[in-house]
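Structural characterization, general
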Amino acid sequence: MEISEKKQKRLDSVFIEIAKQIGTLSYCTRAKVGAVLVKAGNLISFGYNGTPTGMDNGCEENNVTKEEVIHAEMNSILKAAKSGNSVDGSTLYLSLSPCQNCCKLIIQSGIKRVVYLEAYRDLKPVEFLKQFIKVEKYEVQ
């Protein structure tokens with residue numbers, strides 16, 4: 001069932017705000033990124049950037065992100081998989097545009113739409129992603 005453009009804008013506004021709030025849970029200092037996965041109007045998973053469970057929460061060393069940090073997109077997809085929720089056909093809301101590796105994961109997982117709030121300094125990954133799925137920068141109303 002298709003939803004109206006007006007309702008979609010309202011949903012986008014709510015879910016992008018949730019993604020921003022989820023990002024505040026991150027222990028990272030350089031960027032606190034939040035992700036929310038939504039399917040058929042229902043929030044099915046969320047994630048934020050951080051280290052794997054059981055590791056020290058510090059994300060940076062000498063102002064450089066540690067290699068072991070898991071991005072918000074990956075965390076939200078992994079949480080959905082762990083709980084048995086398929087992300088196929090879902091929308092991913094992000095507080096920051098995705099990197100190249102996350103774009104590949106997004107494509108392979110079957111996510112059909114990405115909405116992001118802030119642009120990361122490199123938008124080449126977003127241009128790559130647009131070749132495969134719908135990608136939109138959320139414009140604050």
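Please read these numbers as outputs of a predicted model, since none were measured by experiment. (Residues numbered from 1 in each chain as written. Predicted model: local features only at pLDDT ≥ 70, side-chain atom pairs only at ≥ 80, totals over all residues. Heavy atoms only, no water.)

The subject of this paragraph is the side chain of Glu-73. Inspection of the secondary structure assignment puts Glu-73 in helix α2 (residues 72–82). There is no salt bridge for the buried Glu-73, and the closest opposite charge comes from Lys-79, which lies 13 Å off by N-O distance. (Helix = DSSP H or I, 4+ residues; strand = E, 2+ residues; numbered from the N terminus. Buried < 20%, exposed > 50% of the residue type's maximum accessible area, 1.4 Å probe, protein only. Lys, Arg positive; Asp, Glu negative; His and termini not counted. Salt bridge = Lys/Arg side-chain N within 4 Å of Asp/Glu carboxyl O.)

For the rest of this paragraph, the subject is the state of the cysteines. In total, this model carries 1 disulfide according to the counting rule given. Across a sulfur-sulfur distance of 2.2 Å, Cys-28 and Cys-59 are joined as a disulfide pair. Here the S-S torsion is close to -75°, and the disulfide linking Cys-28 with Cys-59 is therefore left-handed. Of this pair, Cys-28 sits in the loop between α1 (5–23) and β1 (34–39) while Cys-59 sits in the loop between β2 (42–48) and β3 (60–61); the two residues are 31 residues apart in sequence, bridging distant segments of the chain. Residue Cys-102 stays outside any disulfide, its sulfur separated by 3.7 Å from that of Cys-99, the closest cysteine. With no disulfide of its own, Cys-103 lies closest to Cys-99 among cysteine sulfurs, the gap being 6.7 Å. (Disulfide = S-S within 2.5 Å.)

Judged by nonpolar contacts, the single largest core of 20 residues is most densely connected at Leu-37, Leu-92, Ile-106, Ile-111, Val-114, Leu-129 and Val-135. Secondary-structure elements contributing two or more residues to this core are β1, α2, β5 (91–96), α3 (100–109), β6 (113–118) and α4 (124–129). Residue contacts for Leu-92: discarding those within four places in its chain leaves Ala-35, Val-36, Leu-37, Glu-73, Ser-76, Ile-106, Ile-111, Arg-113, Val-114 and Val-115. Membership of the second largest hydrophobic core comes to 10 residues, among which are Ile-22, Val-38, Val-115 and Leu-117. (Core = buried A, V, L, I, M, F, W, Y, C linked by side-chain atoms within 4.5 Å. Contact = heavy atoms within 4.5 Å.)

What follows is about the packing of aromatic side chains. Within this structure, the stated rule accounts for 2 aromatic pairs. The lysine or arginine in question, Lys-79, covers the ring of Phe-46, its NZ or CZ lying 3.8 Å from the ring centre. (Phe/Tyr/Trp six-rings, centres within 6.5 Å; stacked < 30°, edge-to-face > 60°. Lys NZ or Arg CZ within 6 Å of the ring centre and 35° of its normal.)

Taken as a whole, the largest pocket holds about 570 Å³ of empty space. Every residue lining the largest pocket is counted, 22 residues in all, and those nearest its centre are Ile-3, Gln-8, Thr-91, Lys-112 and Arg-113. The set of elements that each furnish at least two residues to the lining of the largest pocket consists of α1, β1, β5 and β7 (134–137). Across the lining of the largest pocket, the residue classes tally to 7 nonpolar, 5 polar and 10 charged. (1 Å grid on protein atoms, 1.4 Å probe; cavity = no way out; pocket = protein on both sides within 12 Å on 5 of 7 lines; lining within 4 Å. Points joined across faces, edges and corners; volume = space filled by probe spheres on them. Nonpolar A, V, L, I, M, F, W, Y, C, P; charged D, E, K, R; others polar.)

Further remarks concern α3. Those residues of α3 not exposed but buried are Cys-102, Cys-103, Ile-106 and Ser-109. For α3, the angular spread of buried residues about the axis comes to 135°, placing them on one side. With respect to the buried face of α3, the exposed residues turned more than 90 degrees away are Asn-101 and Gln-108. Among the structural elements, α2, β5, β6 and α4 are those in contact with the buried residues of α3. Within two residues after α3, Gly-110 carries a phi angle of roughly 90°, on the positive side. (Arc of directions from axis to C-beta.)

When we look at burial in α2, the residues that qualify are Ala-72, Glu-73, Asn-75, Ser-76, Ile-77 and Ala-80. The inward-facing, buried residues of α2 abut β1, β2, β5 and α3. Just downstream of α2, Gly-84 is the residue with a positive phi angle, here 85°.

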